[in-house]
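Okay, here's what each chain looks like letter by letter:
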Amino acid sequence: MGKDTPKLSLVVYPASILRKQATIVKTVDGPLIKAADAMFSIMYENHGVGLAAPQVGMSKRVLVIDLRQDDQPIYVMINPRITKREGETEAEEGCLSLPEVFGQVKRAERVEVAYVDREGEERTLLAEGLLARAIQHEIDHLNGVLFADRVAEAQKKLVDQKLRELAESAKQKSKEHAR
Ligand SMILES: [Zn+2]
């Protein structure tokens with residue numbers, strides 16, 4: 001691997017990269033595709049169905065989704081942007097970067113998303129159900145937004161408590177490393 005493809009690994013809250021606006025990808029090249037493939041590996045290792053590049057320490061506008069369990073193709077979306085939203089639906093979400101945290105989140109029921117695929121082709125997709133939810137969750141990551149920011153009011157306290165615990169345990173771990 002060259003200097004453009006650093007070793008990627010799962011990043012967990014409260015890592016600051018999770019709050020950053022990810023940058024637009026200018027060229028879809030070999031190193032980028034390699035990084036996307038690494039994202040799939042990391043996602044599978046952690047039993048996820050979607051992952052955004054900031055979650056592996058790469059602040060670029062790339063996401064991967066594998067919802068074959070829901071009869072969907074596998075997606076690599078580069079520079080994705082939602083161009084239309086319709087309806088509203090609420091369901092429970094979790095996130096590989098927020099272990100043990102779950103909450104009800106309202107999302108658009110259907111979205112139209114424009115993106116560049118791994119061949120560098122411009123594409124448009126109409127998505128609904130789980131796929132629409134996954135796309136919205138992962139695009140949020142590219143904007144530094146976590147599902148925890150969007151949980152229903154009734155669960156906000158519990159989720160915030162869980163986040164404090166995650167931050168505290170990260171602090172403990174870094175202390176142990178320093179020792
Ligand atoms: Zn997530």
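Check the entry above for the structure.
Residues numbered from 1 in each chain as written. Predicted model: local features only at pLDDT ≥ 70, side-chain atom pairs only at ≥ 80, totals over all residues. Heavy atoms only, no water.

A.B. asks: Report on the packing of aromatic side chains, specifying residues and quantitative values.
C.D. replies: One pass over the structure, following the stated rule, counts two aromatic pairs. Each ring, one from tyrosine 75 and one from tyrosine 115, has its centre 6.5 Å from the other, and the planes form 90°; the classification is edge-to-face. Within this pair, whereas tyrosine 75 is found in strand β3 (residues 74-86), its partner tyrosine 115 is found in strand β6 (residues 110-116), the two being separated by 40 residues in sequence. For the pair shown, tyrosine 75 and tyrosine 115 are each scored as buried. (Phe/Tyr/Trp six-rings, centres within 6.5 Å; stacked < 30°, edge-to-face > 60°. Helix = DSSP H or I, 4+ residues; strand = E, 2+ residues; numbered from the N terminus. Buried < 20%, exposed > 50% of the residue type's maximum accessible area, 1.4 Å probe, protein only.)

A.B. asks: Explain the sheet that holds strand β1 (residues 50-52) to me, and be specific about the residues and the numbers.
C.D. replies: Ordered by their spatial adjacency, five strands build an open sheet running β1-β2-β3-β6-β7, and the pairing between neighbours is antiparallel. Edge positions in the open sheet fall to β1 and β7 (122-128), since each of these has one partner strand only. Across the sheet, the axes of successive neighbouring strands diverge by a mean angle of 40°, strand direction being ignored. Across the sheet, helix α1 (residues 30-45) is in contact with β1, β2 (62-66) and β3; its angle to β2 comes to roughly 45°. Sheet strands in contact with helix α2 (residues 129-142) are β1, β2, β3, β6 and β7, and its direction is about 125° off that of β7. (Pairing = 2+ DSSP bridges. Axes fitted to C-alpha atoms, helices over the stretch in contact; angles between N-to-C directions. Contact = heavy atoms within 4.5 Å.)

A.B. asks: Help me get a handle on the pattern of salt bridges, residues and values and all.
C.D. replies: Taken as a whole and assessed by the stated rule, the structure comprises 12 salt bridges. In this structure, the salt-bridge partner of arginine 68 is aspartate 66, at a minimum N-O distance of 2.7 Å. For aspartate 66, a relative accessible area of 8% corresponds to the buried category. Arginine 107 is the salt-bridge partner of aspartate 140, the closest N and O atoms lying 2.9 Å from each other. Linking aspartate 140 in helix α2 with arginine 107 in strand β5 (residues 103-107), this pair joins segments that are 33 residues apart in sequence. Look at arginine 107 and you get buried, because its relative accessible area is 5%. Within the structure, one salt-bridge network assembled from shared partners comprises Glu93, Arg107, Arg133, Asp140 and Arg150. (Salt bridge = Lys/Arg side-chain N within 4 Å of Asp/Glu carboxyl O.)

A.B. asks: Describe the nonpolar core, and please don't skip the residues or the numbers.
C.D. replies: Core analysis: the biggest nonpolar cluster contains 19 residues, and Ile65, Met77, Leu125, Leu131 and Ile135 have the highest contact counts within it. Elements represented by at least two residues in this core include exactly β2, β3, β6, β7 and α2. In terms of residue count, the dominant contributor to this core is α2 (six residues). Once residues lying within four places of it in the same chain are set aside, the contact partners of methionine 77 are Arg61, Val62, Leu63, Val113, Tyr115, Val116, Leu125 and Ile135. Ranked by size, the runner-up nonpolar core spans 18 residues in total, among them Ala35, Leu51, Ala53 and Val62. (Core = buried A, V, L, I, M, F, W, Y, C linked by side-chain atoms within 4.5 Å.)

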